[in-house]
Amino acid sequence: MYGFHMPIFALVSGYLFSRSIQRHRAGTLVFRKAKALLLPCLTWGTIMGCLSLLYDIAVGSTPSLWTIFATPAREVLNNYWFLKAVFLGCVCVLAIEKWLRGHWIAFFALCLTTLLWSRWETIAFVLPYFVLGRVYGKRNQRLHVSRWLAIGSAAVYVAMQFAYNKECYIYISGMDLLGASDPLRRLGICLFRFVVGMAGCIGFTGILEMLLSKVKHTDALKEIGASTGAIYIVTTPVFLYGDHILEKVGGVFAGELPLSLVYNAGLLLASLVLIFAVIRLVNLVCRSKWVARLFFGK
């Protein structure tokens with residue numbers, strides 16, 4: 001799942017962004033995207049910072065006045081990088097569409113530039129998928145993936161998992177080419193990661209399209225996009241704090257086989273239950289327009 005969960009978020013965002021460009025002016029669109037993507041960063045980051053302060057106080061620490069203000073600010077800046085990266089992607093793509101007529105060379109140059117500059121690592125990770133989603137949405141009103149392409153892509157994704165190791169994680173190897181000791185090796189890792197992500201995106205959306213076609217005539221990417229943002233936003237604090245609590249409770253089994261397998265399976269199941277419980281609570285709370293806007297940018 002890790003190999004394509006962020007790529008598909010960016011792909012769907014780019015696909016839906018292509019619809020928004022047709023309906024709104026540039027200034028209005030940037031403002032709407034800022035509300036939808038940056039406002040949840042501020043809200044959730046502040047909450048997570050306050051929870052972190054409360055935890056420090058509970059374990060006997062006495063935070064300084066600077067720490068009280070700096071901790072929430074740090075959480076806002078450090079967490080939800082994918083929302084900020086997609087927002088920057090929206091702005092960059094909109095600028096290219098407006099001033100360079102959406103030329104593919106401009107998109108290629110943008111993706112290459114983000115790979116070369118370490119400060120743009122996160123946007124370098126999601127930008128290619130966002131651009132491809134935008135291009136596909138511009139040329140196609142609906143998603144259509146042939147059955148064999150979907151099945152083949154899913155098979156490629158599964159097969160490539162056997163070569164997917166710790167170094168393939170963006171948090172481990174990063175995306176910066178110029179700062180790497182071996183730029184060619186880093187480039188190879190980035191390309192491998194991109195192929196894995198695309199295979200997972202095509203396979204997942206194609207299979208979902210086949211399943212949805214049996215139930216109702218709908219657009220798989222639009223269906224994913226209807227609830228993806230809220231799920232991704234909710235899972236960040238759930239995994240950060242939920243996993244920490246569960247590891248404290250069951251950490252005694254963490255390093256012992258075969259108990260570690262049972263422990264990890266239980267940890268995953270408990271995390272999923274916690275996520276769906278929070279999402280259920282969110283659906284109840286989001287009946288308020290302001291709560292929905294502050295927490296999920298809706």
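As a reminder, the structure under discussion sits directly above these lines.
Residues numbered from 1 in each chain as written. Predicted model: local features only at pLDDT ≥ 70, side-chain atom pairs only at ≥ 80, totals over all residues. Heavy atoms only, no water.

Enquirer: Provide a residue-level description of the overall build of the protein chain, including the pertinent values.
Expert: Helix and strand counts for the protein chain stand at 12 helices and zero strands. Sequence-ordered secondary structure for the protein chain, helices as α and strands as β, is α-α-α-α-α-α-α-α-α-α-α-α. Scored against the burial criterion, the 298 residues of the protein chain give a buried share of 42%. For the protein chain, long-range pairs separated by at least 24 residues make up 74% of all intrachain contacts whose partners lie at least 6 apart in sequence. Accessible area for the protein chain stands at about 17,200 Å²; split by element, carbon and sulfur atoms hold 69% of it. (Helix = DSSP H or I, 4+ residues; strand = E, 2+ residues; numbered from the N terminus. Buried < 20%, exposed > 50% of the residue type's maximum accessible area, 1.4 Å probe, protein only. Contact = heavy atoms within 4.5 Å. Areas by Shrake-Rupley, 256 points an atom, 1.4 Å probe, with all protein chains shown as cover.)

Enquirer: Describe in detail the nonpolar core, supporting the description with residues and values.
Expert: Tyr-80, Phe-82 and Leu-83 are the most contacted members of the largest nonpolar core, which has 53 residues in total. Of all the secondary-structure elements, those providing two or more residues to this core are α1 (2-23), α2 (26-58), α4 (81-99), α5 (104-116), α6 (121-139), α7 (147-160), α9 (183-215) and α10 (220-250). (Core = buried A, V, L, I, M, F, W, Y, C linked by side-chain atoms within 4.5 Å.)

Enquirer: Requested: an account of the pattern of salt bridges, with residues and values cited.
Expert: Counting across every chain of the model gives one salt bridge. The salt bridge involving Glu-97 is made with Arg-134; its shortest N-O contact spans 3.0 Å. Remark: Arg-134 occurs in helix α6 and Glu-97 occurs in helix α4; sequence separation between them is 37 residues. (Salt bridge = Lys/Arg side-chain N within 4 Å of Asp/Glu carboxyl O.)

Enquirer: Describe a nonpolar patch on the surface, naming the residues involved and giving the relevant values.
Expert: There is a patch of nonpolar side chains on the surface, built from Trp-104, Ile-105, Phe-108, Leu-112, Leu-116 and Leu-178 and spanning about 670 Å² of accessible area. Its location among the elements puts Phe-108 in helix α5. Of the residues examined, Phe-108 reaches a relative accessible area of 53% and is grouped as exposed. (Patch = residues over 30% accessible without salt bridge, like charges linked within 9 Å, V, L, I, M, F, W, Y side chains within 5 Å.)

Enquirer: Explain the side chain of Glu-97 to me, using residue names and the numbers behind them.
Expert: We classify Glu-97 as buried; its relative accessible area is 17%. If we ignore the near neighbours within four places in the chain, the residues touching Glu-97 are Ile-21, Gly-102, Phe-107, Arg-134 and Lys-138.

Enquirer: Lay out the packing of aromatic side chains in plain terms, naming residues and giving numbers.
Expert: Per the counting criterion, the structure on display carries eight aromatic pairs. Geometrically, the ring pair formed by Phe-9 and Phe-82 is edge-to-face, given 5.6 Å between the ring centres and 90° between the ring planes. Of the two residues, Phe-9 sits in helix α1 while Phe-82 sits in helix α4, which places them 73 residues apart along the sequence. Assigned by exposure class, Phe-9 and Phe-82 land together as buried. Ring geometry for Phe-17 against Phe-130: centres 5.6 Å apart, planes inclined by 45°, an arrangement best described as tilted. Taken together, the residues Phe-17 in helix α1 and Phe-130 in helix α6 connect sequence positions 113 residues apart. Just as Phe-17 is buried, Phe-130 falls in that class too. (Phe/Tyr/Trp six-rings, centres within 6.5 Å; stacked < 30°, edge-to-face > 60°.)

Enquirer: Can you lay out the packing of α4 against α5 for me, pointing to particular residues and giving the numbers?
Expert: In the contact formed by α4 and α5, the axes pass within 10 Å of each other and the chain directions differ by 150°. Here α5 runs roughly antiparallel to α4, going by the angle between their axes. Remark: the crossing between α4 and α5 carries right-handed chirality. Across the interface between the two elements, Cys-92, Val-93, Ile-96 and Glu-97 from α4 touch Ala-106, Phe-107 and Leu-110 from α5. Looking at the contact of α4 with α5, its residues break down into six nonpolar, no polar and one charged. (Axes fitted to C-alpha atoms, helices over the stretch in contact; angles between N-to-C directions. Parallel < 35°, antiparallel > 145°, perpendicular 65-115°, else oblique. Left-handed = near helix turned anticlockwise from the far one by under 90°. Nonpolar A, V, L, I, M, F, W, Y, C, P; charged D, E, K, R; others polar.)

Enquirer: Quick one: what's the story with the packing of α2 against α4, residue by residue and with numbers?
Expert: Contact pair α2 / α4: the axes reach a minimum separation of 9 Å and the direction vectors enclose 170°. Taken together, the axes of α2 and α4 lie roughly antiparallel to each other. For the pair α2 and α4, the contacting residues are Ala-26, Leu-29, Val-30, Lys-33, Ala-34, Leu-37, Leu-38, Pro-40 and Cys-41 in the first and Leu-83, Lys-84, Val-86, Phe-87, Cys-90 and Leu-94 in the second. Here the contact of α2 with α4 is built from residues that sort into 13 nonpolar, no polar and two charged.

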